[in-house]
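# Observations on the model geometry
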Amino acid sequence: MTTPMLFGTRESSLKAELDGPRSAQFRRLLEECERAKGMELPQEHPLASITYFGPGSANLALAYRLTGQQAYLDELLRWLAPPLSFPHWGKANLPDHDLDAGWILHGLSLAYSWAGDALPTDVRQALEDKLLLQGQRLYKFAVETEGGWWSSSYWQNHNWICYAGLATAGYALQEKYPEARLWTERAKDNFAKVLDALPDDGSNNEGVVYWRYGVPWIASYLDVLRDQEGIDWFNRGTYLKETFWYRLYQAAPDMERIVDHGDCHDRRSGHSVALYYKLAAEYRIPQAQWLADKVSTEFYWREAYESGVRPGVRPEAYQELLWFDPSVEPAGPETLEPSRYFADLGLVVGRTSWDDQASLVSFKASPGGGHKAWNQSHQQRKENGWVTLNAGHHHPDSGTFVFIGHGSYLAIDEGYSSRKLTEHHNAILIDGNGFVNEDRYHVFEELAEEFTAEILTTTLQGGWTHAVSESSAMYDRALGVTRVRRHLVLTPGGSLVIVDDLTATQPRTWTWLLQMDNAPTQLGADRWLAEAGHGVMPIAALDGNPTSEIVTTFVHANPTSSTPTLAISKAQHTLKRVSEPVESARFVTVLESRRWDDTAPATISCDATDSGVVVKIERDGLVESVSLGYDGDAPQLSGADVSGDGFQGSTSTQR
């Protein structure tokens, strides 16, 4: 291969920019290579993942290619030695057939291309032989397991990583080993299906953490495909074009942390500077360039050292340099609408502003994997028996929400869990039962197509965020549940109004759950105060359900099968409000977002009828009124500022 992969005709122009527009990215690359020199490398395959050998080798090879300095080539040889000597890639889970193989095939194939003939003859041949062997193993596994696991899991990060690695190796070897073209063709066929299957709105059912872990590999593959075959699929479908907006709206108000729906190692494992650069470059998105710059200058080292994602943000240095386009002018999000609806995932996100102390709610309801994946995967199973949806990172969380304000997580999500339960979320239990098929890793596995949830309506205007979810179909049919309908409103002042309208065919005990980091203090029969550091959350129950208790809920997870000793455990505190056994129940709740030293309660009233409810929140001379109709007709508010299907909202000054 005479032209180094991903360079095309720009090698000289890249070098010319290293002390100019790419100087920051060049410095990052060299710093990462210096870190590599200080790392002790295992000489025998450890039980833990060895994915880091891939990007580590790519960084060193790129540094050598750009500078010609022998020290980088020498260090590359040190980094190549262990993976070339290991008989298998990956030890704890699917050796040679999963993430370790995909990561290392990609990185070592780039190193093979970039270092070129500078590699000693024996090392170059050993590298060719190893890439050929590991590519053969991965390709064979993909063919033999077609219709199951990652080989046909079009919405799953394992699919993207393994096929991207296989394709990169195939392109690196195809001139000398024609069989490698089978790998590139299979990967191309797979990614054609992936791009056609991914949701049009750019959302990700696995959550932000797996978005930052998996989506860069789609971009990596498309980059190599365009470089090697001249095929540009960056605009095949709308997923990649839209996916930055999913990530931006799932950022906490401080932009450093995240909304942690789905399996999330922690609340700051969400940034990929390289991917932001790539999305900015391909789609001319100024906010993506802005966020990349913001992370690079403000958040980088906390992300590097506190993120639970491995290898993490630092080894992506080679992609940061190659994917950065200095012609994209950065611009912050201030001119964007503060609320957005991602219809496929049933995700409604609203914030009171783009200020770092703003209040934010993220509310969701959809079938497993989102609507498109759910429908297409069931159709594929009917047609050929294939299992193409592996939504193990998608939680039983339809109709639930995360609430953040004043820099604090007020109403929380569980994060990562191995055995997923509805009771871990801000949800509804029926006779103590959560969603059908729960208490396992993959809640949506083997579920019939009828087990779905959805967002029924949204109103996003004038600083108001309103949405209604319906989740009754997610429960066991034996419970006779006919309605689990949640009406949710974030007011411009940062209060969250939640009305739950619940029915069954026979009397049931209905349990309303609210999850917090700290146990709330009870202030009265229907009032609590939850402290959360820089923020506090006054809680008002307006429905008259008399029974409540505060319990500790424990959550445990083993985030990666490749490192089975890695475990995450946490305790969260749950406010449980329980009805008497009744066929119909309603819970009316107001959660306020306040600064830590602002604990004086608002005056809150509720006027409920059989058709709807009006909630008024009065504080410091400001009155916010929310009118919600249970079946679409909201009680009329005088002088409503905003109206939607079953909703009205107004703001006035108290005289």
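The structure under discussion appears in the preceding block.
About the criteria used
Residues numbered from 1 in each chain as written. Predicted model: local features only at pLDDT ≥ 70, side-chain atom pairs only at ≥ 80, totals over all residues. Heavy atoms only, no water. Pairing = 2+ DSSP bridges. Helix = DSSP H or I, 4+ residues; strand = E, 2+ residues; numbered from the N terminus. Axes fitted to C-alpha atoms, helices over the stretch in contact; angles between N-to-C directions. Contact = heavy atoms within 4.5 Å. Salt bridge = Lys/Arg side-chain N within 4 Å of Asp/Glu carboxyl O. Buried < 20%, exposed > 50% of the residue type's maximum accessible area, 1.4 Å probe, protein only.

What follows covers the sheet that holds strand 3 (residues 360-364). Pairing in this open sheet of five strands is antiparallel, and the strands run 1-2-3-4-5 from one edge to the other. The sheet is open, and its two edges are formed by strand 1 (340-342) and strand 5 (408-411), each paired on a single side. Looking at each pair of strands side by side, their axes are set apart by 15° on average, direction ignored. Here five bridges tie strand 2 (residues 347-351) to strand 3, and the two strands are oriented antiparallel to one another. Bridge assignment links R351 to a residue of strand 3, and that residue is L360. The sheet strands contacting helix 10 (residues 239-249) are strand 1, strand 2 and strand 3, and the helix crosses strand 1 at an angle near 120°.

Looking now at the pattern of salt bridges. Enumeration according to the criterion identifies 54 salt bridges in this entry. Residue E75 is joined to R78 by a salt bridge in which the shortest nitrogen-to-oxygen separation is 2.7 Å. Of this pair, E75 and R78 both sit in helix 4 (residues 70-85), separated by three residues, roughly a single helical turn. Looking at E75, the relative accessible area reads 9%, which means it is buried. Residue K176 is joined to E128 by a salt bridge in which the shortest nitrogen-to-oxygen separation is 2.9 Å. One end of the pair, K176, is in the loop between helix 7 (157-173) and helix 8 (180-197); the other, E128, is in helix 6 (residues 121-144), and 48 residues separate them in sequence.

On the basis of which strands lie adjacent, the open sheet formed by five strands has the order 19-20-21-23-22 and antiparallel pairing. Edge positions in the sheet fall to strand 19 (603-608) and strand 22 (642-644), since each has one partner strand and no second. In this sheet, adjacent strand axes meet at a mean angle of 10° when their direction is disregarded. Alignment of strand 21 (residues 622-629) against strand 23 (residues 647-653), held across seven bridges, turns out to be antiparallel. Pairing of V626 across the sheet is with G649, part of strand 23.

With respect to burial, strand 9 (residues 481-490) is a largely interior element, nine of its 10 residues being buried. Where strand 8 (residues 464-470) and strand 9 come together, six bridges link them in antiparallel fashion. Each residue of the ladder has a partner; that of E470, found in strand 9, is R485. The hairpin turn running from strand 9 into strand 10 (residues 495-508), its antiparallel successor, is four residues long, and G494 in that turn takes a positive phi close to 95°.

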